[in-house]
Amino acid sequence: MLPTEEGRGLTKRVLDSASLEVPRGCLHMLLGANGCGKSTLLRVLAGLFRPDAGSVHVDAPCGFVFQNPDHQVVMPTVAADVAFGLGRYNLSATAVHAAVQHALQQVGLSDYAERPTSSLSGGQKQRVAIAGALAECPRVLLLDELTTFLDFEDQENVLHCVRSIVDESRQAGGQAATGSTAGQGHQQEPVVDQQQALEGQQRGVTALWVTHRLEELEYADSVSYMEGGRIAFSGSPDEMRAYMRRLGALV
Ligand SMILES: Nc1ncnc2c1ncn2[C@@H]1O[C@H](COP(=O)(O)OP(=O)(O)OP(=O)(O)O)[C@@H](O)[C@H]1O
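Residues numbered from 1 in each chain as written. Predicted model: local features only at pLDDT ≥ 70, side-chain atom pairs only at ≥ 80, totals over all residues. Heavy atoms only, no water.

A.B. asks: Teacher, can you tell me more about the pairing of strand 4 (residues 62-65) here?
C.D. replies: Looking along a regular strand, one sees the side chains alternate between the two faces of the sheet. With burial as the criterion, each face of strand 4 is covered, one bearing C62 and F64 and the other bearing G63 and V65. Pairing of strand 4 with strand 5 (residues 140-144) involves 4 bridges; the strand directions are parallel. Bridged to C62 within strand 5 is V140. (Buried < 20%, exposed > 50% of the residue type's maximum accessible area, 1.4 Å probe, protein only. Helix = DSSP H or I, 4+ residues; strand = E, 2+ residues; numbered from the N terminus. Pairing = 2+ DSSP bridges.)

And the structure:
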């Protein structure tokens, strides 16, 4: 992939032959130093940036959660915020309510539906943002440094929450779903339907978690290391720790 970004008349190559394959139904972490292109790669996968060469195959729909929850959680109450993205589908109020409740249950915030979003901690807001993505029954969650602004307890809660989402969707039949054909390009067909929302079904979810914190690896199934716009290494968490030690990191 060779996406470029334009600003003030300049064109810059951010990704260079970045090749990443993520197994369906797993929590894959993407590590790398500041500025190596992690967020840009996520945006390419989400269809927010178009690469000028290469191809992208992502199961649809995919949900994106940003680093700063204050940029994503904007509605006055938790339930209204989680329901926000569902406004583009033709769902009954009953179906929206069921989808919101199910998403809140997945992130451990079932009792928070009527809470003002302004009263939440950073980690709770981040989980509301994840619930908003989950309400649309994504196949892929693209998660961009969600723990950056959180204290240690909230970091653990958010990591645990994402780990549980992947595990539970796998147990709920996600393995079978992962065998289906990958979506081509960025076709984001609206797949939320009333029946699915009412039944609270969640198909297999693949999570791609961007971080630069090595300690978060313990939550990962697999991991890649990015350097200078390309994927330099992919493997298991243990293989990644060994790779990082060879690079001189204290892990
Ligand atoms: N909108 C933009 N316009 C111009 N350059 C950009 C833009 N967004 C990112 N860049 C540049 O692209 C490069 C990669 O940025 P990116 O945010 O993808 O890196 P990153 O690995 O996610 O870094 P970090 O860990 O600091 O978030 C950086 O040099 C950055 O300055």
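Still more ground to cover, so stick around.
A.B. asks: What am I meant to see in the pairing of strand 8 (residues 230-235) here?
C.D. replies: Across 5 bridges, strand 7 (residues 222-227) lies against strand 8 in antiparallel orientation. Paired with E227 across the two strands is R230, which belongs to strand 8. Between the end of strand 7 and the start of strand 8, which pair antiparallel, lie 2 residues, with G228 showing a positive phi angle near 55 degrees.

A.B. asks: When you look at the packing of aromatic side chains in this model, what are you seeing that I'm missing?
C.D. replies: We describe a pair of aromatic rings using the distance from one ring centre to the other and the angle between the two ring planes. Summed over the entire model, instances satisfying the criterion amount to 3 aromatic pairs. Among the aromatic residues, ring-to-ring pairing joins Y225, F233 and Y243 into one connected group. (Phe/Tyr/Trp six-rings, centres within 6.5 Å; stacked < 30°, edge-to-face > 60°.)

A.B. asks: Please clarify how the sheet that holds strand 4 should be interpreted in this entry.
C.D. replies: Read from one edge of the open sheet, 6 strands run 4-5-6-3-7-8, paired in mixed fashion. The sheet terminates laterally at strand 4 and strand 8, the two strands that pair on one side only. Here the strands of the sheet are splayed against their neighbours by 20 degrees on average, with no regard to which way each runs. Sitting on the sheet, helix 1 (residues 38-46) touches strand 3 (27-32), strand 4, strand 5, strand 6 (206-211), strand 7 and strand 8, and the angle it makes with strand 5 is about 155 degrees. (Axes fitted to C-alpha atoms, helices over the stretch in contact; angles between N-to-C directions. Contact = heavy atoms within 4.5 Å.)

Without other data, these values stay purely geometric and don't point to any function.
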